Amino acid sequence: MKRCLAYGVYPGFFDWPPSGLGPGGQYWNHSRYYERDRDLFRKYQPLCQALATAGWEPVTYARSSDPNVYVERFGPASAGSPPPAAAPRPGETGAGATTGRGVGAADRDPAGVVWLTLLNEQKQALPTTLTVDAKALGLNPANLRATEITSGQTLAAPAQAGSVALSLTVPAEGVAVVQLGSPAAVAAWHLGQAAATV
């Protein structure tokens, strides 16, 4: 699930030959599997959803000091240019019509929160400094909150000429998810998550 999170995709289940279930074996028909993995779903599925909703962006505007730490960015939509529109699905019109990413324009994260995933495929934890061009992302580097979401760790974000430098350690064969935004935008995202769970 960690690798799926790093790339903002939902995990799929599952390939029957290694499971020993034979043809037609289905993960969700066997409580021993989904009960075993319940904590993983509770931790990673909401984050996968947040990344998918924010939308993957091809230009990260972020660089890791360690070349073995891979960085991906999700949200916000490119400043000044909305995501490319696709033909609406049957019955969908207006703001609810899907974008090229398959997420309705109205469903995109409007709060200006930026997500960065850091993937470490090495067998040891890797400390890194993540340099983020906050201005290019439409963020104010002087009023920025940075949190590593999987651990809940608040990261110091010293500003340097429009950029911020974030120091963190990515676990061995693990992933870190950094959420960036103004305190108000981050608070709005957390309130939305709380409202969705009640």
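So, here's what we can say about the structure. Because the structure is predicted, anything quoted here is derived from the model rather than measured.

**Remarks on the packing of aromatic side chains**
Alright, step 1. All chains considered together, the criterion is met by one aromatic pair.
Alright, step 2. Ring centres of Trp115 and Trp189 lie 5.0 Å apart, and the angle between their planes is 70°; this geometry places the pair in the edge-to-face category. Of this pair, Trp115 sits in strand 4 (residues 114–120) while Trp189 is found in helix 5 (residues 183–197), placing the two residues 74 residues apart along the sequence.

**Observations concerning the sheet that holds strand 8 (residues 159–160)**
Alright, step 1. With antiparallel pairing, four strands are arranged side by side in an open sheet as 2-5-9-8. Whereas interior strands pair on both sides, the edge strands pair on one side only; in this sheet they are strand 2 (62–64) and strand 8.
Alright, step 2. The pairing of strand 8 with strand 9 (residues 163–170) spans two bridges and is classified as antiparallel. By the bridge assignment for strand 9, Gln160 is matched with Ser163.

**What about helix 4 (residues 38–54)?**
Alright, step 1. For helix 4, with 17 residues, the first-to-last C-alpha span of 24 Å sits near the 24 Å given by 1.5 Å per residue.
Alright, step 2. Those residues of helix 4 that fall on the buried side of the exposure criterion are Phe41, Tyr44, Leu47, Cys48, Ala50, Leu51 and Ala54.
Alright, step 3. Residues of helix 4 that are buried in the fold lie against helix 1 (2–6), strand 3 (69–74), strand 4 and helix 5.
Alright, step 4. One or two positions beyond helix 4, positive phi appears at Gly55, with a value near 90°.

**Things to note about the pairing of strand 9**
Alright, step 1. Within strand 9, six of the eight residues are buried, leaving the element largely enclosed by the surrounding structure.
Alright, step 2. By the bridge criterion, seven bridges tie strand 5 (residues 126–132) to strand 9 in an arrangement that is antiparallel. Opposite Leu130, over in strand 9, you have Leu166 as the bridge partner.
Alright, step 3. Between strand 8 and strand 9, which pair antiparallel in sequence order, lie two residues; one of them, Ala161, sits at a positive phi of approximately 50°.

**Quick look at the pairing of strand 3**
Alright, step 1. Within strand 3, five of the six residues are buried, leaving the element largely enclosed by the surrounding structure.
Alright, step 2. Both strand 1 (residues 56–57) and strand 3 contribute to a ladder of two bridges, which runs antiparallel. The residue of strand 3 that forms the bridge with Glu57 is Arg73.
Alright, step 3. In the sheet, strand 3 pairs with strand 4 via six bridges, with the strands oriented antiparallel. Within strand 4, the residue paired with Phe74 across the bridge is Trp115.

**Observations concerning the nonpolar core**
Alright, step 1. Ranked by internal contacts, the top residues of the largest apolar core, which has 22 residues, are Leu116, Leu118, Leu130, Val132, Leu166, Val178 and Leu180.
Alright, step 2. Elements with a contribution of two residues or more to this core: strand 3, strand 4, strand 5, strand 9 and strand 10 (174–181).
Alright, step 3. Of the residues forming this core, the biggest block, four residues, is contributed by strand 9.
Alright, step 4. Those residues in contact with Val178 that sit more than four places away from it in its chain are Val114, Trp115, Leu116, Leu118, Thr147, Glu148, Leu155, Leu166 and Leu168.
Alright, step 5. In terms of nonpolar packing, the next biggest core, distinct from the first, is built from 17 residues, Leu5, Leu47, Cys48 and Val113 among them.

**A closer look at the sheet that holds strand 6 (residues 145–148)**
Alright, step 1. In space, the six strands of this open sheet follow the order 1-3-4-10-6-7, with antiparallel pairing throughout. Each having just a single partner strand, strand 1 and strand 7 (153–155) make up the two edges of the open sheet.
Alright, step 2. Looking at chain direction, strand 4 and strand 10 are connected through seven bridges and run antiparallel. Following the sheet pairing, Leu118 is matched in strand 10 by Ala176.
Alright, step 3. Along the sheet, helix 4 contacts strand 3 and strand 4; its crossing angle with strand 4, the most-contacted strand, is approximately 125°.

**A closer look at a nonpolar patch on the surface**
Alright, step 1. Taken together, the side chains of Tyr7, Val9 and Tyr70 define a hydrophobic patch exposed on the protein surface, amounting to about 270 Å² of accessible area.
Alright, step 2. Here Val9 lies in the loop between helix 1 and helix 2 (16–19).
Alright, step 3. Its relative accessible area of 41% is what places Val9 among the partly exposed residues.

Conventions adopted
Residues numbered from 1 in each chain as written. Predicted model: local features only at pLDDT ≥ 70, side-chain atom pairs only at ≥ 80, totals over all residues. Heavy atoms only, no water. Phe/Tyr/Trp six-rings, centres within 6.5 Å; stacked < 30°, edge-to-face > 60°. Helix = DSSP H or I, 4+ residues; strand = E, 2+ residues; numbered from the N terminus. Pairing = 2+ DSSP bridges. Expected span 1.5 Å × (residues − 1). Buried < 20%, exposed > 50% of the residue type's maximum accessible area, 1.4 Å probe, protein only. Contact = heavy atoms within 4.5 Å. Core = buried A, V, L, I, M, F, W, Y, C linked by side-chain atoms within 4.5 Å. Axes fitted to C-alpha atoms, helices over the stretch in contact; angles between N-to-C directions. Patch = residues over 30% accessible without salt bridge, like charges linked within 9 Å, V, L, I, M, F, W, Y side chains within 5 Å. Areas by Shrake-Rupley, 256 points an atom, 1.4 Å probe, with all protein chains shown as cover. Salt bridge = Lys/Arg side-chain N within 4 Å of Asp/Glu carboxyl O.

These figures come from the coordinates and say nothing about function on their own.
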